[in-house]
Amino acid sequence: MTESTPDLPVSVSAASGAIADSDESNNTDGANESVITTRDLSVFYGSYQAVRNVDMDFGKNRITAMIGPSGCGKSTVLRCFNRMNDLIAGARVEGTITYHGQDVYADDVDTIEVRRRVGMVFQKPNPFPKSIYDNIAYGPRVNGWKVDSMDDVVEEALTRAALWDEVKDKLKESALALSGGQQQRLCIARCIAVQPDVILMDEPCASLDPIATSKIEDLMRELAGDYTIIIVTHNMQQAARVSDRTAFFTADVDDHGVRHGRLVEMDKTKTIFTNPSDPRTEGYISGRFG
Amino acid sequence: MTITEPLPSPSAPLDRPLLKATGEPLRERAFKWLLWFCMGVGLLTLVVLLTYVVIKGWSRLDSRLITNMPSSVLPETAGAQSAIAGTLWLMTFTAIWSLPTGILAAIYLEEYGDANRWYNRAIEINILNLAAVPSIVFGILGLAFISRGLGFGPTILTGSITLALLVLPIVVIASREAIRAVPQSIRAGSLALGATQWQTVYRQVLPAAIPGIATGAILALSRAIGEAAPLLMLGVSFVQFNPDGLMSNFTALPVQIYSWTTEARPEYGTLAAAASVVLLIMLLAMNSVAIYIRNKTQRRW
Ligand SMILES: Nc1ncnc2c1ncn2[C@@H]1O[C@H](COP(=O)(O)OP(=O)(O)OP(=O)(O)O)[C@@H](O)[C@H]1O
Ligand SMILES: [Mg+2]
């Protein structure tokens, strides 16, 4: 296991040499303990390098948004944090990712434990074809937890996910009968029920209407007190509304005409949206805001 | 259908009602008729066959069939009790050997095996080929290796292992299809919660695949229940007692039917038809069990 000490304020994003005026404004949120840290992270699919040289720090109990054009590797990076890339044949990670200082990709790491601590909510709601109750109870059950009352676990998770009032009378009914927005909140509740430390969300509102979206956003703000949240989104307003910090990714074309994703800059959301240090960030954001 | 002219504006005077149906094009109708025709051929054949068998066997479709033992001397008192019992024993053990093996093999190939490895590809191609091997070849295999090689003789054990090998590819192929139809997002969701791969397979993939697996299992057993050739090859013939264990000699309905149809006396033809009806009823019963399982497991979704 590599004992990497998160020496906080030193690292600078591979791209942004220039640092904006604020003293906290490099990508390593100096004021906060870093929960997940990446150093020189590259991800390959076979021989294709999808993402290169990413250095990031995710502060404790912060919401970090990852934005950038399609195909620049946001999901790829996100899937490294809970080792879901392991499921993709040919995917390979170089560089280091640490979780509370421990190398996530060390040989003796238990991927099960990683995934329990670093939960994930997917783009498309993916409730299990079981009852609402069993969806929530699934995590604690497979992790072999002895709980005094599973009913309480279920109620608490659903309450935290702001879904309890809507489903409390139909806990035994199929989760597939819920609306898309309810299903997504169910997936968040399911994730919370295993008491993770970090929640990864890959475009969690992509298939939802504005009302459901705003419910999920409220929920994220609500959860931010207790969880470190990393969210990938194409919705600039959403990033601006919910996140504390924002990372902007883009894709460069190399000499051989191959596109590689990389981090341009990472900073406080306010700085990224009002005074980014890289012109590409500004171009992307202003293009999106219209 | 392509729009060749702009649609008339609703306010403009129309020479025909705007939304009036123009009738199905001939091609659509012709295709529908073709479908009906094909279905009709299939259904009609089945109905004719069933009616023929029932009419032919009608005079012998009574309790004698179940209470009496087969006989090649007295067609009036001959029954098929030992054959019915033999078929039940045979099917039970065929299922016991082939279903767990086939389902586990399918799980291995779909969920664990790396499809790019040469040995997994070899297994896969072999299974597909095995499904196309004529049943008599399995009979020869059973005779040479199980009956004589292992010295088990023409017993329930030999028969059920032979039939299990025969239908194993069907079980594997159907189970793989069912497992593959389970969306990847379910596996990802389960693993992301900290479930192990086996937990994911056992608690998510298999329950979701059960309807498809049950259908495959019944297809396989339906194939096995009607097989006479491999059993004849094994030397299964007339016995006048019910099996009492795996090492017991036996006879089975298809074998019995076959040997009756080769008898010269017409009474035996009637008997064969009646026994065929019994075989069909057992087949239908098996199918209903599968449909029941399918409906019951699907309702949980
Ligand atoms: N399973 C995979 N196998 C091979 N290449 C992949 C795989 N997943 C992603 N890629 C490639 O990696 C690059 C980054 O993809 P990724 O999905 O991470 O982008 P993204 O930023 O999440 O895009 P989007 O915003 O559209 O979701 C793309 O060029 C993509 O083609
Ligand atoms: Mg993505």
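As the structure is a prediction and not an experimental result, all values here were calculated from the model. (Residues numbered from 1 in each chain as written. Chains lettered and ligands numbered in written order. Predicted model: local features only at pLDDT ≥ 70, side-chain atom pairs only at ≥ 80, totals over all residues. Heavy atoms only, no water.)

A. Inspection of the packing of helix α6 (residues 156-180) of chain B against helix α8 (residues 197-225) of chain B at higher detail. Residues and elements named next belong to chain B. α8 packs onto α6 with a crossing angle of 150° between their chain directions and a minimal axis gap of 8 Å. Classified by the angle between their axes, α6 and α8 sit roughly antiparallel to one another. The handedness of the crossing between α6 and α8 is right-handed. Of the residues in α8, those in contact with Leu163, Leu166, Val167, Ile170, Val171, Ala174, Ser175, Ala178 and Ile179 of α6 are Val205, Ala209, Gly212, Ile213, Gly216, Leu219, Ala220, Arg223 and Ala224. Here the residues of the contact of α6 with α8 sort into 14 nonpolar, three polar and one charged. (Axes fitted to C-alpha atoms, helices over the stretch in contact; angles between N-to-C directions. Helix = DSSP H or I, 4+ residues; strand = E, 2+ residues; numbered from the N terminus. Parallel < 35°, antiparallel > 145°, perpendicular 65-115°, else oblique. Left-handed = near helix turned anticlockwise from the far one by under 90°. Contact = heavy atoms within 4.5 Å. Nonpolar A, V, L, I, M, F, W, Y, C, P; charged D, E, K, R; others polar.)

B. Seen up close, the pairing of strand β3 (residues 63-67) of chain A. Residues and elements named next belong to chain A. Of all five residues in β3, five are buried, a share of seventy percent or more. Bridging between β3 and strand β8 (residues 228-232) involves four bridges; their strand directions are parallel. Within β8, the position partnered with Met66 by the bridge is Val232. Examined bridge by bridge, β3 and strand β9 (residues 245-253) share four bridges and lie parallel to one another. Opposite Thr64, over in β9, you have Arg245 as the bridge partner. (Buried < 20%, exposed > 50% of the residue type's maximum accessible area, 1.4 Å probe, protein only. Pairing = 2+ DSSP bridges.)

C. Summary view of α6 of chain B. Residue and element names in this part refer to chain B. In this model, α6 (25 residues) spans 34 Å end to end at C-alpha, consistent with the 36 Å of a helix rising 1.5 Å per residue. Maximum bend of α6: about 40°, positioned at Val167, with proline Pro169 one to four residues after it. Across the 25 residues of α6, 18 count as buried, placing the element largely inside the fold. (Expected span 1.5 Å × (residues − 1). Bend = angle between axes of the 7 residues up to and from the residue.)

D. The environment of Met150 of chain A, seen in detail. Residues and elements named next belong to chain A. The topology assignment puts Met150 in helix α4 (residues 150-160). Between the alpha carbons of Met150 and Tyr133 there is a distance of 9.2 Å; along the sequence they are 17 residues apart. When near neighbours in sequence (up to four residues on either side) are disregarded, Met150 contacts Tyr133, Ala137, Pro140 and Arg141.

E. Spotlight on the interface of chain B and chain A. Taken residue by residue, the interface counts 17 residues in chain B and 24 residues in chain A. Interface area for chain B against chain A, summed over the two sides, is near 1700 Å², with a carbon-plus-sulfur share of 64%. For the pair chain B and chain A, the number of links is zero salt bridges. Seen at the junction of chain B and chain A, the total is five residue pairs in polar contact (both at pLDDT 80 or more). Examining the composition of the side of chain B that touches chain A, we find that seven residues originate from one element, helix α7 (residues 184-192) of chain B, more than from any other. Classifying every residue of the side of chain B that touches chain A by side-chain character gives seven nonpolar, eight polar and two charged. (Buried area = accessible area lost by both parts, 1.4 Å probe. Salt bridge = Lys/Arg side-chain N within 4 Å of Asp/Glu carboxyl O. Polar contact = N/O pair within 3.5 Å; in protein donor to acceptor, adjacent residues only side chain to side chain.)

F. Fine view of the side chain of Ser147 of chain B. With respect to the helices, strands and loops of the structure, Ser147 of chain B is situated in helix α5 (residues 135-149). Not counting chain neighbours up to four residues away, the residues in contact with Ser147 of chain B comprise Gly142, Phe152, Gly153, Pro154 and Thr158 of chain B.

G. Structural detail: the pattern of salt bridges. Counted by the stated rule, this structure contains 22 salt bridges over all chains. Among the ionic pairs, Glu217 of chain A bridges to Arg241 of chain A, the shortest N-O distance being 2.6 Å. Here Arg241 of chain A lies in helix α8 (residues 236-242) and Glu217 of chain A lies in helix α7 (residues 210-223), a separation of 24 residues in the sequence. Take Arg241 of chain A: its relative accessible area is 47%, and that puts it in the partly exposed class. Here Arg221 of chain A ties to Asp244 of chain A by a salt bridge, and the two come within 3.7 Å at their closest N and O atoms. Taken together, the positions of Arg221 of chain A in helix α7 and Asp244 of chain A in the loop between α8 and β9 put the pair 23 residues apart, joining distant regions of the chain. Counted as one network, the salt bridges with shared partners bring together Glu110, Glu124, Arg176, Glu177 and Arg180 of chain B.

H. Seen up close, α7 of chain A. Residues and elements named next belong to chain A. In a regular helix each residue adds 1.5 Å, so 14 residues correspond to 20 Å; α7 covers 20 Å between its end C-alpha atoms and thus fits that length. What α7 keeps buried is the set Ala212, Thr213, Ile216, Glu217, Leu219, Met220 and Leu223. All buried residues of α7 lie within an arc of 160° about the axis, which places them on one face of the element. Structural note: α7 exposes Pro210, Ile211, Asp218 and Glu222 on the side pointing more than 90 degrees away from its buried face. Looking at the buried side of α7, the elements it contacts are β3, α4, α6 (180-192), β7 (198-202), β8 and α8. With a side-chain oxygen lying 3.1 Å from the backbone nitrogen of Ile211, the N-terminal cap of α7 falls on Asp209. (Arc of directions from axis to C-beta.)

I. Fine view of the packing of helix α3 (residues 132-142) of chain A against α8 of chain B. In the contact formed by α3 of chain A and α8 of chain B, the axes pass within 12 Å of each other and the chain directions differ by 150°. As summarised for this structure, α3 of chain A and α8 of chain B are arranged roughly antiparallel, according to the angle between their axes. Our pair here, α3 of chain A against α8 of chain B, has a crossing hand that is right-handed. Counted together, Tyr138, Arg141 and Val142 of chain A of α3 of chain A and Gln199, Thr200, Arg203 and Gln204 of chain B of α8 of chain B form the full contact between these two elements. Split by residue class, the contact of α3 of chain A with α8 of chain B holds two nonpolar, three polar and two charged.

J. How the structure looks around the site of ligand 1. Residues and elements named next belong to chain A. Taken together, 14 residues form the shell around ligand 1, and within it Ser70, Lys74, Ser75, Thr76 and His234 come nearest. In the model, an oxygen atom of ligand 1 is placed 3.3 Å from a nitrogen or oxygen of the Cys72 main chain. In the environment of ligand 1, an oxygen atom lies 2.7 Å from a nitrogen or oxygen atom belonging to the side chain of Lys74. Burial of ligand 1 by the protein chains amounts to 65% of its free accessible area of 630 Å². Of all the secondary structure elements, the ones that give two or more residues to the shell around ligand 1 are β2 (48-59) and α1 (74-81). Counting residues per element, the shell around ligand 1 draws most heavily on α1, which supplies four residues. Looking at the shell around ligand 1 residue by residue, the classes come out as five nonpolar, six polar and three charged. (Near = heavy atom within 4 Å. Areas by Shrake-Rupley, 256 points an atom, 1.4 Å probe, with all protein chains shown as cover.)

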